[in-house]
Amino acid sequence: NENTKKFRMLAKWAFAIVYTRCFETPDGDARIVPMADFFDHGTYPEVEISYDEEGNCYAYSTHDIPAGTPLHISYGDPTNPS
């Protein structure tokens, strides 16, 4: 019925949002980190993501970055499609 179709579409949308915007923590958890998903991917990233013991996310620069420069993180190994 229509409700089932709407629910299925909503579930697919929610999965896509989580899957494309989550970050994996060192312990294997996946977390959505508001604003962090705005970082672009870079071959030589200037920003590293880390988490404290309470699960708070921190983004820090690996070197001095001029004001107005886009910030990049690594989305992972591009040779490993999994």
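The structure we're discussing is the one just above.
Conventions adopted
Residues numbered from 1 in each chain as written. Predicted model: local features only at pLDDT ≥ 70, side-chain atom pairs only at ≥ 80, totals over all residues. Heavy atoms only, no water. Helix = DSSP H or I, 4+ residues; strand = E, 2+ residues; numbered from the N terminus. Rg over C-alpha atoms; globule rule 2.2 N^0.38 Å. Buried < 20%, exposed > 50% of the residue type's maximum accessible area, 1.4 Å probe, protein only. Contact = heavy atoms within 4.5 Å. Lys, Arg positive; Asp, Glu negative; His and termini not counted. Charge placed at Lys NZ, Arg CZ, Asp CG, Glu CD. Disulfide = S-S within 2.5 Å. Pairing = 2+ DSSP bridges. Phe/Tyr/Trp six-rings, centres within 6.5 Å; stacked < 30°, edge-to-face > 60°. Lys NZ or Arg CZ within 6 Å of the ring centre and 35° of its normal. Salt bridge = Lys/Arg side-chain N within 4 Å of Asp/Glu carboxyl O.

1. Structural notes on the overall build of the protein
Now for step 1: The helix and strand inventory of the protein stands at one helix and six strands.
Now for step 2: Put simply, the protein runs from its N terminus to its C terminus through helices and strands in the order α-β-β-β-β-β-β.
Now for step 3: Its C-alpha atoms give the protein a radius of gyration of 16 Å, clearly above 12 Å, the size a compact globule of 82 residues would have.
Now for step 4: Seen through its principal axes, the protein has C-alpha atoms that stretch 55 × 30 × 30 Å.
Now for step 5: Here the protein holds 82 residues, and the buried ones make up 12% of them.
Now for step 6: Across the protein, the fraction of contacts at a sequence separation of at least 24, relative to all contacts at a separation of at least 6, is 43%.
Now for step 7: One finds the centroid of the 6 positive side-chain charges in the protein at a distance of 24 Å from the centroid of its 13 negative side-chain charges.

2. Regarding the state of the cysteines
By definition, a disulfide is the covalent link that joins the sulfur atoms of two cysteine residues.
Now for step 1: Using the criterion set out here, one finds zero disulfides in the structure.
Now for step 2: Its sulfur unpaired, Cys22 is 12 Å from the next cysteine sulfur, which belongs to Cys57.

3. As for the pairing of strand S4 (residues 47–51)
Now for step 1: Bridge count for S4 against strand S5 (residues 57–61) is five bridges, and the pairing is antiparallel. Residue pairing across strands places Ser50 opposite Tyr58, the latter belonging to S5.
Now for step 2: From the end of S4 to the start of S5, which pair antiparallel, there are five residues, and Gly55 there has a positive phi angle of about 90°.

4. Observations concerning the packing of aromatic side chains
Now for step 1: Summed over the entire model, instances satisfying the criterion amount to one aromatic pair.
Now for step 2: Ring geometry for Phe15 versus Tyr19: centroids 5.5 Å apart, planes at 10°, classification stacked. Of the two residues, Phe15 and Tyr19 both sit in helix H1 (residues 2–21), four residues apart, roughly one turn of that helix. This pair shows no difference in class: Phe15 is exposed, exactly as Tyr19 is.
Now for step 3: The ring of Tyr51 carries Arg31 above its face, with NZ or CZ at 5.4 Å from the centroid.

5. As for the pattern of salt bridges
Now for step 1: Per the stated rule, a full pass over the model turns up one salt bridge.
Now for step 2: Asp29 serves as the salt-bridge partner of Arg31, at 3.9 Å between the closest nitrogen and oxygen.

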